[in-house]
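Remarks on the overall topology
Next come the chains, spelled out residue by residue.
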Amino acid sequence: MQSVSNSKSSKITIEGVSLLFFSLIIFSYNFHVIWLIYDLLAIGAIYFFIKNTNFIILLYTSLAFLFFIALILKDNIHAISFLSIWDNGKHLFVLFMLLKLLDRYANTNRIRSFIMKFSIFFPIVFCIQVSLVLYQYFSGYFFDDISGTFGYRGSHSIGYFCLLYIVYLMFVRRSTYYLIFIVVVSLFLNYLSDNIGFYVLFLFLLIFRLYRQYNFSMIIVYGLTLLLAFYGLNLLLGGNMIGEIIYRVTRLINVANVDTSIIVDSRPFLMFYAYSVGGLFGAGPGAYSEIYQMNGWLIPTLFDNKLNLNISACTSLIAEYGVSGFILWISIYLKYLCYFFSDLSSKLFVSFLFVSCVFYNNILNDERIIFMFIFIVLFLKIYTKQNLKSTSA
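Here's a quick rundown of the structure.

Definitions and cut-offs
- Residues numbered from 1 in each chain as written.
- Predicted model: local features only at pLDDT ≥ 70, side-chain atom pairs only at ≥ 80, totals over all residues.
- Heavy atoms only, no water.
- Phe/Tyr/Trp six-rings, centres within 6.5 Å; stacked < 30°, edge-to-face > 60°.
- Helix = DSSP H or I, 4+ residues; strand = E, 2+ residues; numbered from the N terminus.
- Buried < 20%, exposed > 50% of the residue type's maximum accessible area, 1.4 Å probe, protein only.
- Lys NZ or Arg CZ within 6 Å of the ring centre and 35° of its normal.
- Patch = residues over 30% accessible without salt bridge, like charges linked within 9 Å, V, L, I, M, F, W, Y side chains within 5 Å.
- Areas by Shrake-Rupley, 256 points an atom, 1.4 Å probe, with all protein chains shown as cover.
- Salt bridge = Lys/Arg side-chain N within 4 Å of Asp/Glu carboxyl O.
- Polar contact = N/O pair within 3.5 Å; in protein donor to acceptor, adjacent residues only side chain to side chain.
- Contact = heavy atoms within 4.5 Å.

The final tally for this structure, using the stated rule, is 48 aromatic pairs. Their ring planes at 80 degrees and their centres at 5.4 Å tell us that F68 and Y321 sit as a pair that is edge-to-face. A residue pair is termed long-range when its members are at least 10 positions apart, and F68 in helix α3 (residues 55-73) and Y321 in helix α12 (residues 313-339) qualify at 253 residues. On the accessibility criterion, Y321 (0% relative accessible area) is buried. One cation-aromatic arrangement involves K335 over Y60; the distance from NZ or CZ to the ring centre is 5.7 Å. Directly above the ring of F341 sits K381, whose terminal nitrogen or CZ lies 5.6 Å from the centroid.

Below you can see the structure in the form of structure tokens.
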């Protein structure tokens, strides 16, 4: 990569490679087949990171990765262990590269043009996703496979795409009436794909947006309006939507009543199970992973593969890296995220949003999801910069 001062190479990095790659992850149907493209992007991002980072970030990153390597050396060494560290950590450099470039060229026409391209891209892709989700639902697809263009077990990806489009309209383009329409359709799509986590993450985004723009009374008004719209959608769906969402969310967060003597493939049970096998320092990076066409050496111990410790990044990291490694992975990602936001409320929100995603699904081992999450953060960054600029003016 040429010097970042070279506007031509920077333009290619942001508008060319990023948008092209974004198209690939949406229309590839099974992104894991072309994971090599993302890895090449991450390798290029490492070069950018080395040239543009500061000493504190570099030191923090180096010490964290040395700790993860030490977890490998404490037991038998496996090739998949090194790949696990890379697979979980490569997104840091992509995140750093895109947000750093945004910081540098935020007020240029190139960035404005880049943002405008999404105003054409999103509506077209959204229409395609709606058509495919409806077809898949009425054709009797398994709910995890009701995922539009994202393919086998890609329902979480359709949820993140909807969130990304909503964030773009909510924080960047700020089109109120069109936003309401997209939100209602997204609520319906994610109900069809049984993607309950979408509703929780959307609620977080909505609260943050209302907090940043409106006073408390307006938050109450908009909140009641949303509840009425949600209730109306529930009636249209036969009155089953709200009860199902409440049941699934309660099941997701209810860890107090978990019976660890009964083996079930649920997030609360798997969190306890991950701790039982991972403890403080983990069973070893990659021990339960299925990455780069390799299987972790402890997968056969999961009750004949009936338990899926990769259901979320939380369970996966605790089982393989232990509580200490899990906390370190979370802290290093939060370090990178908070580095690019100046105000406290934005730092707290992006931190909370990332941690929620870590507990919800395996965000670090699905390149499609983490790349869309990075763009969510990118759009939030654009909004906060615009907001701070208007406030200071």
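The rest of the description comes next.
Now for a nonpolar patch on the surface. A cluster of nonpolar side chains, F55, I56, L59, L63, L66, I69, L73, I77 and F82, forms an exposed patch at the surface whose accessible area comes to about 900 Å². Considering every element that reaches the nonpolar patch, the biggest residue donor is α3, with seven residues. Mapping I69 onto the fold places it in helix α3.

Now for the side chain of N195. Take N195: it is sitting in the loop between α7 (176-192) and α8 (197-213). Look at N195 and you get buried, because its relative accessible area is 2%. Within the structure, the side chain of N195 is placed 2.2 Å from the side chain of Y360, a separation counted as a polar contact. When sequence neighbours within four positions are dropped, the list of residues in contact with N195 reads S155, H156, G159, N190 and Y360.

Trans peptide bonds make up the majority, and among non-glycine residues the majority have a negative phi. Backbone geometry places D194, a non-glycine residue, at a positive phi of 55 degrees. Along the polypeptide, D194 turns up in the loop between α7 and α8. Here the phi dihedral of Q293 falls at roughly 60 degrees; this positive angle occurs in a residue that is not glycine. We classify Q293 as exposed; its relative accessible area is 84%.

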